[in-house]
Amino acid sequence: MQSLSGRSKVVVNKRLTFLEKLYLPAIIGGIGITLRHLFKRKATIRYPEQKRSFSPVYRGHHVLKRDDKGAERCTACGLCAVACPAEAITMTAAERKKGEENLFREEKYAAVYEINMLRCIFCGLCEEACPKEAIFLTDRLVSTDYARDGFVYGKDKLVESIDKRIDVSKRQTPDVLEFKTHKQLTHNK
Ligand code: SF4
Ligand code: SF4
């Protein structure tokens with residue numbers, strides 16, 4: 001029966017010729033292909049000694065951003081978790097207490113925020129869904145490991161440190177960058 005692609009071959013029980021029975025032409029042909037590839041530019045690199053440069057908008061290890069004053073931007077609204085096709089994000093919301101205004105930007109914040117990096121497909125939909133510019137993907141790599149246990153990343157690995165901010169401007173469009181220059185807007189404070 002003809003396949004839909006039309007690429008199927010009918011298998012025949014053909015008798016081998018004398019040359020085919022020797023296998024030599026096939027072996028020589030195979031060695032020829034190997035030699036040809038020896039002198040071609042290699043498609044692989046010797047990682048980790050050699051590293052390829054990434055696109056500036058490479059989607060890697062997420063960061064949970066702080067605002068200009070150092071308060072966590074995430075308000076635990078859950079939109080990123082709903083948008084995530086891999087169901088990799090979980091969180092527990094908590095209410096900000098008096099005196100914690102410098103720690104958390106909004107009255108509600110994520111007491112627990114976790115991303116399962118083994119589930120994540122680095123699609124960037126969480127970043128697009130976030131109304132608070134709290135989560136971004138960065139050009140950092142998620143570390144490899146032999147065990148699965150350590151791949152649920154919590155706030156300790158996701159929230160940027162106050163004195164070592166992560167620049168995400170490359171992931172923002174010119175319109176967004178222009179909008180962010182309007183410091184009088186609450187969103188940008
Ligand atoms: S990058 Fe995609 S898969 Fe990964 S956490 Fe965000 S939405 Fe989920
Ligand atoms: S990262 Fe953004 S979308 Fe996700 S819970 Fe926090 S504020 Fe909401």
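Residues numbered from 1 in each chain as written. Chains lettered and ligands numbered in written order. Predicted model: local features only at pLDDT ≥ 70, side-chain atom pairs only at ≥ 80, totals over all residues. Heavy atoms only, no water.

Engineer: Any chance you could explain the overall build of the protein here in plain terms?
Structural biologist: From N to C terminus, the protein includes six helices and five strands. N-terminal to C-terminal, the α/β element order of the protein is α-α-β-α-β-β-α-β-β-α-α. What you see for the protein is a C-alpha radius of gyration of 27 Å, clearly larger than the 16 Å of a compact globule of 189 residues, by over 25%. Expressed as lengths along the three principal axes of its C-alpha atoms, the size of the protein is roughly 90 × 40 × 40 Å. Taking all 189 residues of the protein together, the buried fraction comes to 28%. The distance from the centre of the 35 positive side-chain charges to the centre of the 24 negative ones in the protein is 11 Å. (Helix = DSSP H or I, 4+ residues; strand = E, 2+ residues; numbered from the N terminus. Rg over C-alpha atoms; globule rule 2.2 N^0.38 Å. Buried < 20%, exposed > 50% of the residue type's maximum accessible area, 1.4 Å probe, protein only. Lys, Arg positive; Asp, Glu negative; His and termini not counted. Charge placed at Lys NZ, Arg CZ, Asp CG, Glu CD.)

Engineer: How should I be thinking about the site of ligand 2 in this particular structure?
Structural biologist: The environment of ligand 2 is made up of 14 residues, and the closest members are Cys74, Cys77, Gly78, Cys80 and Cys130. Residue classes in the shell around ligand 2 are distributed as eleven nonpolar, two polar and one charged. (Near = heavy atom within 4 Å. Nonpolar A, V, L, I, M, F, W, Y, C, P; charged D, E, K, R; others polar.)

Engineer: Any chance you could explain the site of ligand 1 here in plain terms?
Structural biologist: Lining the immediate surroundings of ligand 1 are 13 residues, of which Cys84, Cys120, Cys123, Gly124 and Cys126 lie closest. A breakdown of the residues in the shell around ligand 1 according to their chemical character gives eleven nonpolar, two polar and no charged.

Engineer: Is there a simple way to explain the packing of aromatic side chains in this structure?
Structural biologist: Each aromatic ring pair is characterised by the separation of its centres together with the angle its planes make. Enumeration according to the criterion identifies two aromatic pairs in this entry. Taking the centre distance of 4.4 Å and the plane angle of 10° together, the rings of Phe54 and Tyr58 count as stacked. Given the relative accessible area of 41%, Phe54 is considered partly exposed. Of the residues examined, Tyr58 reaches a relative accessible area of 29% and is grouped as partly exposed. Between Phe104 and Tyr109, the ring centres sit 3.6 Å apart and the planes meet at 10°, which makes this aromatic pair stacked. Looking at Phe104, the relative accessible area reads 8%, which means it is buried. Overall, Tyr109 belongs to the buried group, its relative accessible area being 10%. (Phe/Tyr/Trp six-rings, centres within 6.5 Å; stacked < 30°, edge-to-face > 60°.)

Engineer: Sorry, what's going on with the nonpolar core here?
Structural biologist: Counting residues in hydrophobic clusters, the biggest one holds 22 residues, and the most contacted among them are Ile89, Tyr113, Ile115, Ile135 and Leu158. Elements supplying a minimum of two residues to this core: β3 (108–116) and β4 (135–137). With three residues, β3 is the single largest residue contributor to this core. Contact partners of Ile115, with chain neighbours within four places excluded, come to His62, Ala88, Ile89, Ile135, Phe151, Val152, Tyr153 and Leu158. (Core = buried A, V, L, I, M, F, W, Y, C linked by side-chain atoms within 4.5 Å. Contact = heavy atoms within 4.5 Å.)

Engineer: What's the story with the sheet that holds β3 in this structure? I'm lost.
Structural biologist: Strands in a sheet are paired, the pairing made by backbone hydrogen bonds, and the direction either parallel or antiparallel. Strand order in the open sheet formed by three strands is β2-β3-β5, and the pairing between neighbours is antiparallel. Two strands bound the open sheet, and with one partner strand each, they are β2 (89–95) and β5 (152–153). Where β3 and β5 come together, two bridges link them in antiparallel fashion. Bridge pairing links Ile115 to Tyr153 in β5. (Pairing = 2+ DSSP bridges.)

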